[in-house]
Structure formats: C-alpha cells, structure tokens
Amino acid sequence: MSATAASDVIEDMPATALDLTVVVPAYNEEQRLAPTLEAITAYLHDTEAEWELIVVDDGSTDGTRDVVTAASARDPRIQLVTSPRNRGKGHALRLGVAASYGRRVLVTDADLAAPIEELERLDKALADGQAAAIGSRATAGATIETHQHRLREFLGRAGNFLIRSVAVPGIRDTQCGFKLFDGDRAREAFAASRLNGWGIDVEVLQHFRRSGWSVAEVPVRWAHQPGSKVRPLDYGRVLAELTLLKIRSVRRADVLAVTLFLLMAVALYSGRWTDPGNRYLPDSLQDQNQWEWFFAVTADNVSHFRNPLFTTLQGFPDGVNLMANTVMLGLSVPFAPVTLLFGPAVSLTLVMTLGLAATAAAWYWLVVKRVVRHRVAAFFGAALAAFAPPMVSHANAHPNFMILFMVPLIIDRALRLCAGTRVVRDGVVLGLMAAYQIFLGEEPLLLAAMGLLLFTLGYAAVRRDVAKESWRPLLNGLAIAGAVCLPLVLFPLYWQFAGPQSYKSVLHGDNAGNSPLALLSFAERSLVAGNAETANALSLNPTEQNAFYGWPLAVFTFAVVIRLWDQALVKALAFTTLAAAFLSLGPKFRIPLTDVVLPGPWALLAHKPLFESVIEGRVAMICAPALGMLVAIAIERLVRVRGLGTQYVGLVAVAAALIPLVPAPLKAVDRVAVPDFIADGTWKAYVGEGESLVPVPVPDPGNAEALHWQTAADLGFSLPGGYFNGPYGKDRIGIYGAAPRYTSNLLRDVRYTGVPPVIGKNWRAQAKRDFAFWKAGALVLAPQPNDAVLRKAVDQLVGRPGKWVDGVWVWDLHAGN
C-alpha cells in the first residue's frame, strides 16, 4: 500500500473510532504467532476498551496467514492485512497503522518480547498528555529478564548510539518494538513515512519531533525471544536507511545555497586555481610561502612519525615551536595525504577554498536554525558573515582567520546549554568542539568567545527572565566543556607556552586598532567601491583590513535596528556590533579630521594574558556575523511585508548596502621560479647531513621565498632564519622570525638599501662565528634586487668569490672546497 493509499484509508475512517488498535507485523511467524495472539486477546478481554488486533503478514512463505485466519474465526476483532511479497517491517507497519481505527495505536513485535501487560505503563504516559509513549530497555527502571547474545547486545547499543546521535537525540532506545501512539498522529506519521525496513521506527519518531509532538520514553520489562528476525547486519541497514532519509530530507534551497557558497569561494580564488603550484597571491605578502611551508612540514612530520609540534627545518639550529605558530593541525594533519601527493600549494588552495565555503555553509545553518527561516534571507546573512571584507582580506594569507566553520557550531552548542535540557551531553560536545578549534586557531576562538560574551550581555540586559533561567545550566555546561577540553589540549598548550622555542607574547606596536574611518570605508578588494590607496592608508597591510564594512551598510543597519527595536535579538546583535567595533579601535584612537586622541576600551585588555598578543583591529571581525544576522532579519521582514512599494524600497536599500561589499577575485601573479640549483637537486652536493643551506640574505618575514625553495626540495635541507614566531632575548618576547644575528642583519640591510658595507677583519670573524652557529654548508644568492652589492659583500665575508651554479651564486663553506 502506498502512502497515498494509506492517506485514503485515514480519510475513510468512520467518525466513531475504537479505543485501541494493536498492530503486529509478521513474517514467517507460524511458530510464535499463535501464543502471541492468545496473550494479547486474553489481556484485552479483561479490559473495558473497544479494541481491534491487526496482524500484517509481510509476504510470509509459511503458515502465518493460516494462524491469523484461525484466530479471526474465533474472534472477528482479529484482522489480517496482507502484502503480496516481503517488503520489510516498515512497509508492514505502514499497512497496519493505515488500516487502524483506534484512538490509540500500539505497535508490538510478533515475539512479544515486551509483555502486553506493559501497555499499562505506556497508557499512563499517554494519559499524561504525551503524543507517544515508547518502550525502552535503556532508561532507569527497565528490566531485562533475558539478555541477547553479547555481540548482538553490543551491536544494538552501538547502533542505538549512532541512531540517536544522527537522527533523534535524547531517545536512548529507538528500536524496542513496543510503542503506543495517539491514533490520528500515528496514522499521519506512518502515512508520511518512506522507509520499508527497520529504520521506520526512527523515521516516525523524527516526524513526531518535527511536528512538535511530545514523546515519552517509558521503561519496560523485556526478555529476548529466540527466533528473532533481526540480524547483526540489520543495524548497518538501519543506518543506511537513515542516511538515505537524511539525504531526501535536505531542501533544494539548502543544496543551492551551499553550492553557491562553493562557487563564490572558487571565484575568489580563481587566480590560484588556474595553476596552484605556479600562482601567487601578492597581497599575501610572504604569508603564502609560510602557509605552504606549514602544510608541507606537517605532512613531512606525520609521514615520518615525527613530533608535529616542532621542527628544525626553519630557524636552524634552534628550530620552530609549531604549536606556538598556527599551523592548523586540525586541517594540515588530515590533509597530509593530499599535501604529499599533490604538493602544499594544491593542498593549501583546496583547504582555503573548501574552508571558506564550509564557513559560509555553517553560518547559513546557524542563521536558519536560530535566526530566520526564510532561506534567501539566511543566504545573504551567511554570505555577509563569511565573505565580509575582513574575511576576504584574511583570505589572502590567513586561513586560520577565514576557515571558521567550527565557530557557528560552537555558538549553537553554547545556546543549547542555555536551554538546560541535556547539559552533560552538550557540555561534552562543546568541549570536543573547542578542543578541535584550538587546533584550527586559538585567536579566532578567543574572538568568538568575546563575541558570545558581548551578545550574552546584550541579550541578558533585555531578557532578564531568560538570563535567570539560563545562567546556571550554561555555567555548568561550560565547566563540563572545560573538563573535557583541557585534557585533550593540555600537552599541546604546555608545549606552546613552555616548550622549546616558546615565547611570551607577540608585540604588534603601540596601536594596531582600526581608525573610525576604516569601519565606514571600503576594502581594497571591493568589486564596486574598492580603493587600494585608501584601504592601505587605514590598515596595517592588505592582509589586515579588518573593518571596511562601508557607510551604506552602517546606515542600513542603523535603520533596521531602529525599525525592529522591539525585538530582543535585534537589540543584542546591535550591541554586539557596536561594542566589537568600539573595542577594535584599540587602546587609543583619533577622532577623524581632528587631532583629538581619546583612550579606547581596549586599553583595559591590552596587557592582559592572551589579549596582549591579539591584533586589536581584528576584533571588528566579530561584526561580520552580527551584521549578517541583522541583514537576514531585515530581508525576512521585507519579504513578509504587504505592499510592493515598501518591498521595493527595502530591497533597493539591501542591494545598496551589500553590492559595494561584493569582493573581486583575489589578485594572483606568476610565481618566481625556483632556481635550478634547488629544483634539480644540485644543492645536495653542497649541504651535508646536519648542515644548513643559507640563502642570501637569510630569510625573514619580509623575504621568505627560500621557504618555497625548501618545499620544492621536499624539505631536504634546513634553513637559518625564516618566517615564524619565536622568542627573542632573556624575556623570550615573541618576534617574527629567528633571533637576528650580526651577519643576517648586515645582509638584510644591504638587500633593502643597496649600500655596500665596509667589511673588515671584525666583520669576517663575526660572519665565521655566525656560519658556524648555522652549521652552514653553503651560501646561495639568487638573482634579486641589489644582488650585485650582496654578491660583493658575501665575497668579502667569506674571503673568496662565489661560483655561478645552475642559476645562483654559491659559496661552498667546506674546508678544501
């Protein structure tokens, strides 16, 4: 019987229904069915209820039908519904429930593992106002008189755990075959079902959940009966059915939204995707070289079973504390096979493209779940959250600041804690999520926590009733989350803050905050209104354009907040946006067009642990999702407003606010070729085991092309210097790059000034000590600005001229070379 036919049966039911219908699915149950029918009818005879008993024969090949026919001859209230062939328990239940007339519908297995007398427990729950009462073997008070085989019991528990995790959280036993439903709701739910197998129990419970119908899980007495039709592989089939059900339930609008996010991310990185290995994002400065090296060294450590938290390939011989440098182990480790097979350039491009799309999809999911239901409104809100100017700026160079797909999930889990329904479970999940986010990026997690705190303060101020009910489960859940997270990250964090080459903080200057003008101006990569000169004048560099939301969006948001001020969510989002923008101004800021400098609120945090290393301008990134949610709320309200004139004006305002923020594809240029000396492996004749190759000048954050040489050479040699965060001096203050040495400073100054130095005996002696410290096998000078002056300086430092070998000048430092 089809779902349509089942619906027709419901419509044709008489107005006077029975008190109870018992539905028993049966397949080849000739041996067990007669005692089951006798037990059920004997019990029902002793009640005052008007009842019917429907047995659904699911294409049996034995005498099952004859048993039912004989029982029906003795009591016409026993009915037989047949299926021409075996289709599964789900199909049988759908036929039986569709044929029912009861105000209550009990479905029970043919083995009657839960005795019919347990109906009293379920009936009491239904009488208390529940829409369904399901028998459970996993709740307190349940009695299992005869256990299944240990393997079957283990598979059942594992299957139930996966099922409730994926489909119906909170229900511990979905598969116990003893369930009582409100009749009308049961007929609706089973008629809407599609699964024919064992998964129908979960599908029907999902229908009840989506419809807002309460379900009580009632402990029952249960005993395993021999001859069960459930096989170990059936648990896998249930999961397969649920996966198919999940896929079918996905809305086309959601699939379209995620597809568009992916296309937008691909378009943003289109300049790199044409040839990932040979294309470079110039606005990343030296960060692309650094991040490709991060992915390469992580893959190398993983493939050789080395410590992924440390390496001496840069900063030789001291090395680099990789945990203290955001190498994103949460992605660089899983993507290690991709890195090893296709190279770090392809791996990084793939991670950044997919990561940005996943971030947008996660914000879309959160907005749909928590903010608005309208899919178009949610799409534009999520697009702003993920593709806002600050995100696009960091998309050049900082995957840890634009791959934020865990942040919406963490926010949702924190909001679940406020409900107080499953504090322990949600606390554990939140702890696991936070631990994983730490391996993606700690500073974004800190910013997310700041944003959540600001939102919490704003919402609590306007909804004190909600705050009063939520604070206790929230704090309890956070304590549980901390207890789960801390053991997982304790050693990596110890390594980060106390391990080799750890440091205390990274200094970014007196004020790395945003100018108030930056919040209202347009970013360099804005397709319509972008201006590189203005943007660079108001930011640290192209990778740190952390504001730039544009004045049209500011005006639009102000109008939305005024118009929808009655909504608590709008007030809280507005407070979050303003507070984050204000904090991002830094410890002090100048009022535009004046010489007046005022203290900023960041001064209270600037020297506190953790906050002292934050570039305060990045706090404005908190505004992106808050603004996105306000835009989503506004669009949903506009769609529902009556009057084409109002809708037209409103949508024009939305377009005026968002179109100037649409990003142009990131700039990409042809990459500087790796010298043949490196690419062809000639370097191997000059650098022995335990030695380093010293590029001239020594690589630093301003000139890190040597990191690309190193990845091209499969990390075959170590480098002094480099581009990373490491300690400097006795106080171990964090700096960018290795602790400078006299020779590295000299060569850097020559490269940038082109002024030939005066090199005497003292300089040569110092250079000799530095070469010995670096365990240098050879110095290598590639063609670059001021290379003639550099060559002359190195000739004097070494005491002999270099040789031109495969496109570079080489000074072999081995004795007797």
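Let me sum up the structure you'll find in this document.

Thresholds applied
- Residues numbered from 1 in each chain as written.
- Predicted model: local features only at pLDDT ≥ 70, side-chain atom pairs only at ≥ 80, totals over all residues.
- Heavy atoms only, no water.
- Helix = DSSP H or I, 4+ residues; strand = E, 2+ residues; numbered from the N terminus.
- Buried < 20%, exposed > 50% of the residue type's maximum accessible area, 1.4 Å probe, protein only.
- Contact = heavy atoms within 4.5 Å.
- Lys, Arg positive; Asp, Glu negative; His and termini not counted.
- Charge placed at Lys NZ, Arg CZ, Asp CG, Glu CD.
- Salt bridge = Lys/Arg side-chain N within 4 Å of Asp/Glu carboxyl O.
- Pairing = 2+ DSSP bridges.
- Axes fitted to C-alpha atoms, helices over the stretch in contact; angles between N-to-C directions.
- Parallel < 35°, antiparallel > 145°, perpendicular 65-115°, else oblique.
- Left-handed = near helix turned anticlockwise from the far one by under 90°.
- Nonpolar A, V, L, I, M, F, W, Y, C, P; charged D, E, K, R; others polar.
- Expected span 1.5 Å × (residues − 1).

1. Here's the deal with the overall build of the chain
Line of reasoning, step 1. When helices and strands are tallied, the chain shows 33 helices and 21 strands.
Line of reasoning, step 2. Taking the principal axes of the C-alpha coordinates as reference, the chain spans close to 115 × 65 × 45 Å.
Line of reasoning, step 3. With 817 residues in all, the chain has 54% of them scored as buried.
Line of reasoning, step 4. Considering only intrachain contacts with a sequence separation of at least 6, the fraction spanning at least 24 residues in the chain is 78%.
Line of reasoning, step 5. Computed over 75 positive and 71 negative side-chain charges, the inter-centroid distance for the chain is 5 Å.

2. Examining the pattern of salt bridges
Line of reasoning, step 1. Per the counting criterion, the structure on display carries 30 salt bridges.
Line of reasoning, step 2. The residue R306 makes a salt bridge to D300 at a minimum N-O spacing of 2.1 Å.
Line of reasoning, step 3. Judged by its relative accessible area of 40%, R306 is partly exposed.
Line of reasoning, step 4. For D465, the salt bridge identified is with R463, shortest N-O distance 3.0 Å.
Line of reasoning, step 5. Connected through salt bridges with shared partners, the residues K89, D109, K179 and D201 form a single ionic network.

3. Digging into the pairing of strand 18 (residues 733–736)
Line of reasoning, step 1. Relative to strand 18, strand 17 (residues 725–728) runs antiparallel, the two sharing 4 bridges. Across the sheet, Y728 pairs through a bridge with I733, a residue of strand 18.
Line of reasoning, step 2. The antiparallel pairing of strand 17 with strand 18 creates a hairpin that spans 4 residues between the two strands, and G729 there sits at a positive phi of about 75 degrees.

4. Re unusual backbone geometry
Line of reasoning, step 1. Cis geometry is found at the peptide bond from F316 to P317, where omega equals 5 degrees.
Line of reasoning, step 2. Here P317 shows up in the loop between strand 11 (310–311) and strand 12 (320–321).
Line of reasoning, step 3. Although it is not a glycine, N786 adopts a positive phi angle of roughly 60 degrees.
Line of reasoning, step 4. Tracing the backbone through its elements, the reader meets N786 in the loop between strand 19 (776–781) and helix 33 (787–798).

5. Here we look at the sheet that holds strand 16 (residues 692–695)
Line of reasoning, step 1. The mixed open sheet is built from 4 strands, whose spatial order is 16-19-21-20. Taken across any chain shown, the strands that pair with only one partner, and hence form the sheet edges, are strand 16 and strand 20 (803–805). Neighbour-to-neighbour, the strand axes of the sheet open up by a mean angle of 35 degrees, direction not taken into account.
Line of reasoning, step 2. For strand 19 and strand 21 (residues 808–812), the ladder comprises 4 bridges, and the chain directions are antiparallel. Bridging from a neighbouring strand, A778 pairs with D812 of strand 21.

6. With respect to the sheet that holds strand 8 (residues 215–219)
Line of reasoning, step 1. With respect to topology, 7 strands assemble into an open sheet ordered 3-2-1-4-7-5-8, the strand pairing being mixed. Here the strands that pair on one side only, and so sit at the sheet edges, are strand 3 (78–83) and strand 8. This sheet shows a mean twist of 20 degrees between the axes of neighbouring strands, independent of strand direction.
Line of reasoning, step 2. Pairing between strand 1 (residues 18–26) and strand 4 (residues 102–108): 5 bridges, direction parallel. Within strand 4, the residue paired with V23 across the bridge is V107.
Line of reasoning, step 3. Packing against the sheet, helix 8 (residues 200–210) makes contact with strand 5 (132–136), strand 7 (178–182) and strand 8, and its axis sits at approximately 30 degrees to strand 7.

7. Considerations on the packing of helix 2 (residues 30–45) against helix 3 (residues 64–74)
Line of reasoning, step 1. At a closest axis distance of 8 Å, the pairing of helix 2 and helix 3 adopts a crossing angle of 20 degrees. For the element pair helix 2 / helix 3, the angle class is roughly parallel. Judged by the sense of rotation from one axis to the other, the crossing of helix 2 with helix 3 is right-handed. For the pair helix 2 and helix 3, contact is made by E30, L33, A34 and L37 and by T64, V67, V68 and A71, respectively.
Line of reasoning, step 2. By residue class, the composition of the contact of helix 2 with helix 3 is 6 nonpolar, 1 polar and 1 charged.

8. Things to note about helix 28 (residues 644–658)
Line of reasoning, step 1. Its 15 residues give helix 28 an end-to-end C-alpha distance of 21 Å, which sits within 8% of 21 Å, the value for a rise of 1.5 Å per residue.
Line of reasoning, step 2. Of the surrounding secondary structure, the elements contacted by the buried residues of helix 28 are helix 16 (375–387), helix 25 (551–563) and helix 27 (623–640).

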